[in-house]
Amino acid sequence: MNKVRLIIYQILAYTFFMGFIAYLSSSPEWVHTLPDEATIKVSIRHSGKIVGECRDLTVTEIKNLSPNMKVPQECPRERSPVLLSIEMDDKLLYESNARPSGLQKDGVSTFYARFDIPSGNHFIKAVLRDDANNPKRAYRLEKHLEIIPRQVLVIDFKDGFIIK
Amino acid sequence: MKSPVVYVRKVGKMLLNPIELLFSKIFTDQANPFFHLGTLSFFFFWIAAGTGLYLYVFFETSVAHAYESIEYLVNEQWYLGGIMRSLHRYSSAAMVVAVTLHLLREFVKGRYQGVRIFSWVSGVPLLWLLFLSAIGGYWLVWDQLAQYIAILSSELLDWLPIMVDPMARNFLNAEAMSDRLFSLLAFLHIGFPLALLLGMFVHIQRISYAKTNPPKQLAIGVSSALVLLSLINPAMSQAPANLDVSVTNVGLDWFYLNVFPLIELWGPGWVWGLLVAVSVLIVILPCLSPHQRKPIAVVDPPNCNGCSWCFADCPYSAITMKEHDFKKGHKQAVVNPDLCIGCGICAGACPSSTPFRSVDELITGIDMPDLPVKDLLKLTDKKAKKLKGDKPKVLLFGCRSGAPTESLEQDNVAGILLPCVGQLPPSFVDYIFRNKLADGVMVTGCCEEDCYYRLGNTWLEQRFAAQRFPHLRTTGAKRNIAVIWAGEQGNKQLAAKLDDYVHTLENEGHEDDLRFVKGGRDE
Ligand code: HEM
Ligand code: SF4
Ligand code: SF4
């Protein structure tokens, strides 16, 4: 091939290279959420109730403890799993049973989830139960929400549900 | 039954070969980008590292000001900072393209087994580090894209049972995001590339004379292209991140951020599965492919004088020199069987391989059990005896990875195939001319810059051109030898060059003013 033709082909090759790099490094666009949708993030860390009762130690048991460790009671450390369920407009949105973290099962239970929902009016119901032995013990939330497009709504918990 | 890997490689070759041939035509073999994918990867890395340093000077490591500091470069300093930023992004993209093609090419060409396993397996962490480096970089811009990948990468990490507290909690909303985390990310964006660089040097440890710089022509070409691209189409940030507002559309870098849509489509568990599966598949690929280990080089101490020529030429540093077993004050070559790939380049280097020695049986200092030098000599004599006719007689030496030579055999042309032409001692050519076994000798092999054994064709040519030991000795050999690096696809070109060569020998005679003919398949 003659020199000029070669140079033209090289320029073509480099143009293809530039086009390829430029195009794929920013396109095609990816749609993460639709413009009229909003995001709900459930993010909760909560420790379940301790399972079991504390027990009074006998006198001899206390005697056997080392002097700096003397306590009158022995308490279990294991915590109950935490159950969380969230309904939106009477449809179940999220339900999870989070076990306590840690090898001794004495740590916190955590929840994280993300949902895209249509914006507009919604009715949200949430229940958190942190004592498996006592189903009656529950925290509840029932609320009308007016959600605008692209809003990020966080459902958190601290002594009760918090909506941010 | 053949392993499916063999078929995949075959199909790969069918796709790759025509493209490579086209690029050789356009760029010549010496500057064919497909022959320089590893060195190009290095080159793109250096561009990204250099421009990254510049960006770092102006970068503000805080949630509030990171975005602005990059916008400043792009808008107020477009002529330098803006170009640096674009170069940084585009060279990184070019790097992953080069690395991916490099990986695929080494696989398709069957260059990932034996000693090469070291390079192959050490390439896998490089892939991870490369992607981690790039993803970290996108994060720092703190625009909508960064917000998107922050949320999804934390969800990906949270799938692993390592942390009690979900990492995603850091990106719940604007309030949750901290500067401390941001500094950590900026730190990682230096740490990962440094680890990558270290890994890149480990990657080429087992290779002697590893090239890390592409040929000048290519270096100038690709860097000009990247600068031009940065001017025409500067890399831009997307709208600033705001964790209180959800991300809708993002312009994605599909080179590096391709896992993120997958996380959305499949969920993090399957994506981890895919990432691990692909990595493991690459690592075990050498074991899944059939591999015939070639016999390794063997040293014969009585015939080794300790010149170190083989040591200097071994493409995988498989040879070391030690005190000679019995020749006082001499050295002796030792082959490390784990590193030897069985190419025979050492046998071609050894001065004891010369057929002019007055010995009953030609035993050389370092030799290949599958084709010892004495058998190569017998084969040469036998093939030469068969040459007949009035046309100039030519012995054609080729290699198994280059253009097949059998199909070119005629009455006046005989082909001799070696594992690698680097195994051909130059003294053989002297021997052929001195004893008038043929009128001409043509040597062919892999394309320039693309020797299957890395250095066979380069060393052979340097030996013939008296730039490397051992040299050609006789005038006849120096003048009449023809070297055509035609490559496995260059059959037709080789046939044409052979015809030409026979013609010149016919017209000019082989005594006087012939030249050292050299060529490739580039026409
Ligand atoms: C950062 C990414 C990478 C860079 C910069 C790089 C660069 C290089 C360089 C410069 C060479 C030496 C070439 C020579 O002089 O012969 C090489 C060899 C090699 N690379 Fe890579 N590489 C990278 C990633 C990979 C990956 C991901 C793989 C595959 C998993 C891989 C597989 C190989 C193999 C098998 C060889 C040996 C070839 C031979 O011995 O003939 N590389 N690489
Ligand atoms: S055969 Fe090749 S790899 Fe083995 S020692 Fe000789 S030159 Fe080195
Ligand atoms: S080239 Fe031959 S003589 Fe020289 S060190 Fe190697 S084996 Fe010994």
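Quantities reported herein were computed from a predicted structural model and do not represent experimental measurements.

Thresholds, definitions, all that
- Residues numbered from 1 in each chain as written.
- Chains lettered and ligands numbered in written order.
- Predicted model: local features only at pLDDT ≥ 70, side-chain atom pairs only at ≥ 80, totals over all residues.
- Heavy atoms only, no water.
- Helix = DSSP H or I, 4+ residues; strand = E, 2+ residues; numbered from the N terminus.
- Rg over C-alpha atoms; globule rule 2.2 N^0.38 Å.
- Buried < 20%, exposed > 50% of the residue type's maximum accessible area, 1.4 Å probe, protein only.
- Near = heavy atom within 4 Å.
- Nonpolar A, V, L, I, M, F, W, Y, C, P; charged D, E, K, R; others polar.
- Phe/Tyr/Trp six-rings, centres within 6.5 Å; stacked < 30°, edge-to-face > 60°.
- Lys NZ or Arg CZ within 6 Å of the ring centre and 35° of its normal.
- 1 Å grid on protein atoms, 1.4 Å probe; cavity = no way out; pocket = protein on both sides within 12 Å on 5 of 7 lines; lining within 4 Å.
- Points joined across faces, edges and corners; volume = space filled by probe spheres on them.
- Domains from an automatic or database assignment.
- pLDDT = per-residue confidence, 0-100.
- Core = buried A, V, L, I, M, F, W, Y, C linked by side-chain atoms within 4.5 Å.
- Contact = heavy atoms within 4.5 Å.
- Buried area = accessible area lost by both parts, 1.4 Å probe.
- Salt bridge = Lys/Arg side-chain N within 4 Å of Asp/Glu carboxyl O.
- Polar contact = N/O pair within 3.5 Å; in protein donor to acceptor, adjacent residues only side chain to side chain.

### Some points on the overall build of chain A
Step number 1: On a plain count of helices and strands, chain A comes out with 2 helices and 11 strands.
Step number 2: Moving toward the C terminus, one meets the helices and strands of chain A in the order α-β-β-β-α-β-β-β-β-β-β-β-β.
Step number 3: Against the 2.2 N^0.38 benchmark of 15 Å for 164 residues, chain A shows a C-alpha radius of gyration of 29 Å, more extended than a compact globule.
Step number 4: Projected onto its principal axes, the C-alpha coordinates of chain A cover approximately 105 × 50 × 20 Å.
Step number 5: Counting over 164 residues, chain A shows a buried share of 37%.

### Quick word on the site of ligand 3
Step number 1: Inspection of the region around ligand 3 gives Cys304(B), Asn305(B), Gly306(B), Cys307(B), Ser308(B), Cys310(B), Met321(B), Ala333(B), Cys350(B), Pro351(B), Gly365(B) and Ile366(B) as its neighbouring residues.
Step number 2: In terms of residue class, the shell around ligand 3 is built from 8 nonpolar, 4 polar and no charged.

### Observations regarding the packing of aromatic side chains
Step number 1: Applying the stated rule across the entire model yields 27 aromatic pairs over all chains.
Step number 2: Seen in terms of ring centroids, Tyr14(A) and Phe27(B) are 5.6 Å apart; in terms of plane orientation they differ by 85°. Their pairing is edge-to-face. With one member in each of two chains, Tyr14(A) in helix α1 (residues 3–24) and Phe27(B) in helix α1 (residues 4–27) form a pair that bridges those chains.
Step number 3: Residue Phe27(B) is classed as buried on the basis of its relative accessible area, which comes to 2%.
Step number 4: Measuring from centroid to centroid gives 6.0 Å for Phe356(B) and Tyr431(B), while their planes differ by 65°, and the two rings are edge-to-face. Taken together, the residues Phe356(B) in the loop between α12 (345–349) and β5 (366–367) and Tyr431(B) in helix α14 (residues 426–434) connect sequence positions 75 residues apart.
Step number 5: By relative accessible area, Phe356(B) is classed as partly exposed at 37%.
Step number 6: Within the aromatic cluster, the residues linked to one another by ring pairs are Tyr14(A), Phe23(B), Phe27(B) and Phe34(B).
Step number 7: The residue whose ring lies beneath Arg116(B) is Tyr452(B), and the NZ or CZ to ring-centre distance is 4.6 Å.
Step number 8: Sitting over the ring of Phe118(B), Arg206(B) keeps its end group 4.5 Å from the ring centre.

### Some remarks on empty space enclosed by the protein
All names here are of chain B.
Step number 1: Overall, the coordinates contain 5 cavities of 30 Å³ or more when judged by the stated rule.
Step number 2: Here the largest cavity is characterised by a volume of approximately 980 Å³.
Step number 3: As for the largest cavity, its lining consists of 39 residues, and the residues nearest its centre are Gly 38, His 102, Glu 106, His 203 and Ile 207.
Step number 4: Residue assignment for the lining of the largest cavity shows that the elements contributing at least two residues are α2 (37–58), α4 (78–108), α5 (117–140) and α7 (179–203).
Step number 5: Of all the elements, α5 adds the most residues to the lining of the largest cavity, at 7 residues.
Step number 6: Classifying every residue of the lining of the largest cavity gives 22 nonpolar, 9 polar and 8 charged.
Step number 7: When residues of the lining of the largest cavity are assigned to domains, at least three map to each of domain 1 (4–287) and domain 2 (298–520).

### Comments concerning the confidence of the model for chain B
Step number 1: Overall, the predicted model of chain B reaches an average pLDDT of 93, with 97% of residues at or above 70.
Step number 2: Quick note on the complex model: pTM equals 0.93, ipTM equals 0.91.

### Here we look at the nonpolar core
Step number 1: One finds Phe44(B), Met95(B), Tyr148(B), Leu257(B) and Phe260(B) to be the most contacted residues of the largest nonpolar core, which totals 74 residues.
Step number 2: By residue number, the principal contributor to this core is α4(B), which donates 12 residues.
Step number 3: Non-local contacts of Tyr148(B), meaning those with residues more than four positions away in its chain, are made with Trp30(A), His32(A), Val247(B), Val250(B), Leu252(B), Phe260(B), Pro261(B) and Glu264(B).
Step number 4: Counting residues in hydrophobic clusters, the runner-up holds 59 residues, among them Ala347(B), Met368(B), Phe428(B) and Val483(B).

### Notes on the domain arrangement of chain B
All names here are of chain B.
Step number 1: Under the domain assignment, chain B is made up of domain 1 (4–287) and domain 2 (298–520).
Step number 2: Each of domain 1 and domain 2 has a C-alpha centre, and the two are 43 Å apart.
Step number 3: Each partner contributes to the interface: domain 1 provides 21 residues, whereas domain 2 provides 23 residues.
Step number 4: Buried area between domain 1 and domain 2, summed over both chains or domains, comes out near 1900 Å², and the portion from carbon and sulfur atoms is 44%.
Step number 5: On the domain 1 side of the interface with domain 2, the three residues burying the most area are Val 115, Arg 116 and Tyr 209, jointly 30% of the side's total.
Step number 6: Between domain 1 and domain 2 we count 5 salt bridges in total.
Step number 7: Taking the shortest distance from any N to any O, the salt bridge between Lys 109 and Glu 488 comes out at 3.7 Å.
Step number 8: At the junction of domain 1 and domain 2, the tally comes to 14 residue pairs in polar contact (both at pLDDT 80 or more).
Step number 9: A per-class count over the side of domain 1 that touches domain 2 returns 7 nonpolar, 5 polar and 9 charged.

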